Amino acid sequence: MYRHYTTQKIRDMHADATSAYHRLNTGAAERVFVDQSGERIEYTAAKVPELRRYCEELSSELSARQNPRAVRRGPIRPLF
């Protein structure tokens, strides 16, 4: 999903999203967030989980880029 972005750009996006999440949770948020691609998103209290998921996606992408061998796999299933 984020393959065409550089790692630094994803770090910046993550920092912006995390900051917006913090401000929204503490009541100090502007309600409109414009990401680096120019997309305008309005966040309300009902969209806090959506913003949290976005932060987690970016964090996961950064982790995968820092350690590409750490791939999530399913449970081990023995064959009989």
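Residues numbered from 1 in each chain as written. Predicted model: local features only at pLDDT ≥ 70, side-chain atom pairs only at ≥ 80, totals over all residues. Heavy atoms only, no water.

Details of the packing of aromatic side chains
Phase 1 of the analysis: If you walk through the whole model with that rule in mind, you get one aromatic pair.
Phase 2 of the analysis: On the numbers, 6.2 Å between centres and 35 degrees between planes, the contact of Y2 with Y5 is tilted. Each member of the pair Y2 and Y5 is classed as buried. (Phe/Tyr/Trp six-rings, centres within 6.5 Å; stacked < 30°, edge-to-face > 60°. Buried < 20%, exposed > 50% of the residue type's maximum accessible area, 1.4 Å probe, protein only.)

Section: the layout of surface pockets
Phase 1 of the analysis: Roughly 240 Å³ of internal volume is contained in the largest pocket.
Phase 2 of the analysis: Residue assignment for the lining of the largest pocket shows that the elements contributing at least two residues are α1 (7-26) and α2 (48-66).
Phase 3 of the analysis: Ranked by residues supplied to the lining of the largest pocket, first place goes to α2 with three residues.
Phase 4 of the analysis: Its residues placed into classes, the lining of the largest pocket shows seven nonpolar, two polar and five charged. (1 Å grid on protein atoms, 1.4 Å probe; cavity = no way out; pocket = protein on both sides within 12 Å on 5 of 7 lines; lining within 4 Å. Points joined across faces, edges and corners; volume = space filled by probe spheres on them. Helix = DSSP H or I, 4+ residues; strand = E, 2+ residues; numbered from the N terminus. Nonpolar A, V, L, I, M, F, W, Y, C, P; charged D, E, K, R; others polar.)

As for the nonpolar core
Phase 1 of the analysis: Grouped together as the largest cluster of nonpolar side chains are 14 residues, with contacts concentrated most on Y2, I10, M13, A17, L51, Y54 and L58.
Phase 2 of the analysis: Taken together, the elements giving at least two residues each to this core come down to α1 and α2.
Phase 3 of the analysis: Top element by residues in this core is α2. It accounts for six residues.
Phase 4 of the analysis: With residues near it in sequence (within four places) discarded, Y2 still touches I10, M13, Y54, E57, L58, E61 and R65. (Core = buried A, V, L, I, M, F, W, Y, C linked by side-chain atoms within 4.5 Å. Contact = heavy atoms within 4.5 Å.)

A few points about the packing of α1 against α2
Phase 1 of the analysis: Following both chains from N to C, one finds α1 and α2 inclined at 150 degrees, their axes separated by 9 Å at the closest point. Relative to α2, α1 is oriented roughly antiparallel. Read as a crossing pair, α1 and α2 show a hand that is left-handed. Here T7, I10, R11, M13, H14, A17, T18, A20, Y21, L24 and N25 of α1 come into contact with α2, specifically with V48, L51, R52, Y54, C55, L58, S59, E61, L62, R65 and Q66.
Phase 2 of the analysis: Its residues assigned to classes, the contact of α1 with α2 comprises twelve nonpolar, six polar and four charged. (Axes fitted to C-alpha atoms, helices over the stretch in contact; angles between N-to-C directions. Parallel < 35°, antiparallel > 145°, perpendicular 65-115°, else oblique. Left-handed = near helix turned anticlockwise from the far one by under 90°.)

In short, shape yes, function no, at least from these values alone.
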